[in-house]
Amino acid sequence: AAFRGLRPCEAAIADALAQMDGSHEEYATHAYFRGRALDRLLFEAWAVGPLPGVLRAKGLLRVHDDPRLFVWHFAGGRGSKLHAVEGGDVPIGCEFVFIGRYGCGWSPLDIDNGLDACLVRSSTRDLS
């Protein structure tokens, strides 16, 4: 479903919640944005690990030394491979949306720390 007028993260959250059964109050959401590219190998290693409490996730990201934009999904307890997507007017860096359940190990801080550890430390593609 398209949700006009919303930022990409807000639209992704609304879309994912619309596809899930149950009351939306049962679900926790978390958005992550950084203006830097990710190290592909570090991200792929993080993405195959367990994400406690996370039910679904989606991310748009750039990886170091690759000009393409990539998309990543998480559902059913596992993440997808990175898939290149066609251009678009997307800022350099990465943006993710996570949907989970409170309890069950849900920890936005752990998500942030895990992704922060994947960031490229110095790059000409850095927005900060």
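Residues numbered from 1 in each chain as written. Predicted model: local features only at pLDDT ≥ 70, side-chain atom pairs only at ≥ 80, totals over all residues. Heavy atoms only, no water.

## Remarks on the environment of phenylalanine 33
Moving on, step 1. Its place among the elements puts phenylalanine 33 in strand β1 (residues 27-34).
Moving on, step 2. Along the chain, phenylalanine 33 and leucine 60 lie 27 residues apart, while their C-alpha atoms are 9.7 Å from each other.
Moving on, step 3. The contacts of phenylalanine 33, once residues within four sequence positions are left out, are Cys94 and Glu95. (Helix = DSSP H or I, 4+ residues; strand = E, 2+ residues; numbered from the N terminus. Contact = heavy atoms within 4.5 Å.)

## Overview of the environment of proline 52
Moving on, step 1. Along the chain, the position of proline 52 falls in the loop between α2 (40-47) and β2 (54-63).
Moving on, step 2. Once the C-alpha coordinates of proline 52 and aspartate 110 are considered, the two residues, 58 residues apart in sequence, prove to be 9.4 Å apart.

## Let's talk about the packing of aromatic side chains
Moving on, step 1. Evaluated as defined, the whole model comprises nine aromatic pairs.
Moving on, step 2. Ring centres of phenylalanine 43 and tryptophan 72 lie 5.6 Å apart, and the angle between their planes is 85 degrees; this geometry places the pair in the edge-to-face category. Of this pair, phenylalanine 43 sits in helix α2 while tryptophan 72 sits in strand β3 (residues 66-75), and the two are 29 residues apart along the sequence.
Moving on, step 3. For tryptophan 72, a relative accessible area of 0% corresponds to the buried category.
Moving on, step 4. Aromatic rings pair up to connect Tyr32, Phe43, Trp46, Trp72, Phe74, Phe96 and Phe98 into one cluster. (Phe/Tyr/Trp six-rings, centres within 6.5 Å; stacked < 30°, edge-to-face > 60°. Buried < 20%, exposed > 50% of the residue type's maximum accessible area, 1.4 Å probe, protein only.)

## Overview of the nonpolar core
As a rule of thumb, nonpolar side chains are buried together in soluble globular proteins.
Moving on, step 1. Counting residues in each nonpolar core, the largest one holds 23 residues, and the members touching the most others are Phe43, Trp46, Leu61, Trp72, Phe96 and Phe98.
Moving on, step 2. Counting residues per element, the ones that place at least two in this core are β1, α2, β2, β3, β6 (94-101) and α3 (108-116).
Moving on, step 3. Counting residues per element, this core draws most heavily on β2, which supplies four residues. (Core = buried A, V, L, I, M, F, W, Y, C linked by side-chain atoms within 4.5 Å.)

## Digging into the side chain of aspartate 66
Moving on, step 1. With respect to the secondary-structure elements, aspartate 66 resides in strand β3.
Moving on, step 2. Taking the relative accessible area as the measure of exposure, aspartate 66 reaches 13% and is therefore buried.
Moving on, step 3. At a separation of 3.0 Å, a polar atom in the side chain of aspartate 66 contacts the side chain of arginine 68. (Polar contact = N/O pair within 3.5 Å; in protein donor to acceptor, adjacent residues only side chain to side chain.)

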